[in-house]
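Single-letter residue listing:
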Amino acid sequence: MSSLEFGPRDAADWAARAGLPLPDERLDLVAATARHIHAVVATLRELDLTGVEPTPAGAEVCDAAV
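Residues numbered from 1 in each chain as written. Predicted model: local features only at pLDDT ≥ 70, side-chain atom pairs only at ≥ 80, totals over all residues. Heavy atoms only, no water.

Next up on the list: the packing of aromatic side chains. Tallying each qualifying case throughout the model produces zero aromatic pairs. Taking NZ or CZ as reference, Arg17 lies 4.8 Å from the ring centre of Trp14, over its face. (Phe/Tyr/Trp six-rings, centres within 6.5 Å; stacked < 30°, edge-to-face > 60°. Lys NZ or Arg CZ within 6 Å of the ring centre and 35° of its normal.)

Let's shift gears to a nonpolar patch on the surface. Among the surface-exposed residues, Val40, Leu44, Leu47, Leu49 and Val52 lie close enough to one another that they form a single nonpolar patch of about 470 Å² accessible area. Mapped onto the elements, Val40 comes out in helix H2 (residues 27-45). The class of Val40 is partly exposed, set by a relative accessible area of 38%. (Patch = residues over 30% accessible without salt bridge, like charges linked within 9 Å, V, L, I, M, F, W, Y side chains within 5 Å. Areas by Shrake-Rupley, 256 points an atom, 1.4 Å probe, with all protein chains shown as cover. Salt bridge = Lys/Arg side-chain N within 4 Å of Asp/Glu carboxyl O. Helix = DSSP H or I, 4+ residues; strand = E, 2+ residues; numbered from the N terminus. Buried < 20%, exposed > 50% of the residue type's maximum accessible area, 1.4 Å probe, protein only.)

Below, the discussion takes up the environment of Pro8. Positionally, Pro8 belongs in helix H1 (residues 8-18). Through-space distance from the C-alpha of Pro8 to that of Glu25 is 9.7 Å; in sequence the pair is 17 residues apart. Setting aside anything within four residues of it in sequence, one finds Pro8 in contact with Leu27, Asp28 and Ala31. (Contact = heavy atoms within 4.5 Å.)

In structure tokens form, the structure reads like this:
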């Protein structure tokens, strides 16, 4: 399923599988949020991180821009 195909009914199904109560009035918002998350993850997967060294665990990085 592509992220564009994820709709309110899918949100209800996934919530039910996880045992989470999800009122009908929130289905559209949850589906839109899921589509957005899928789009962001797809963009991150396209990044070429060849040669980028991982930061050691516990290291503080202070040069990031927000």
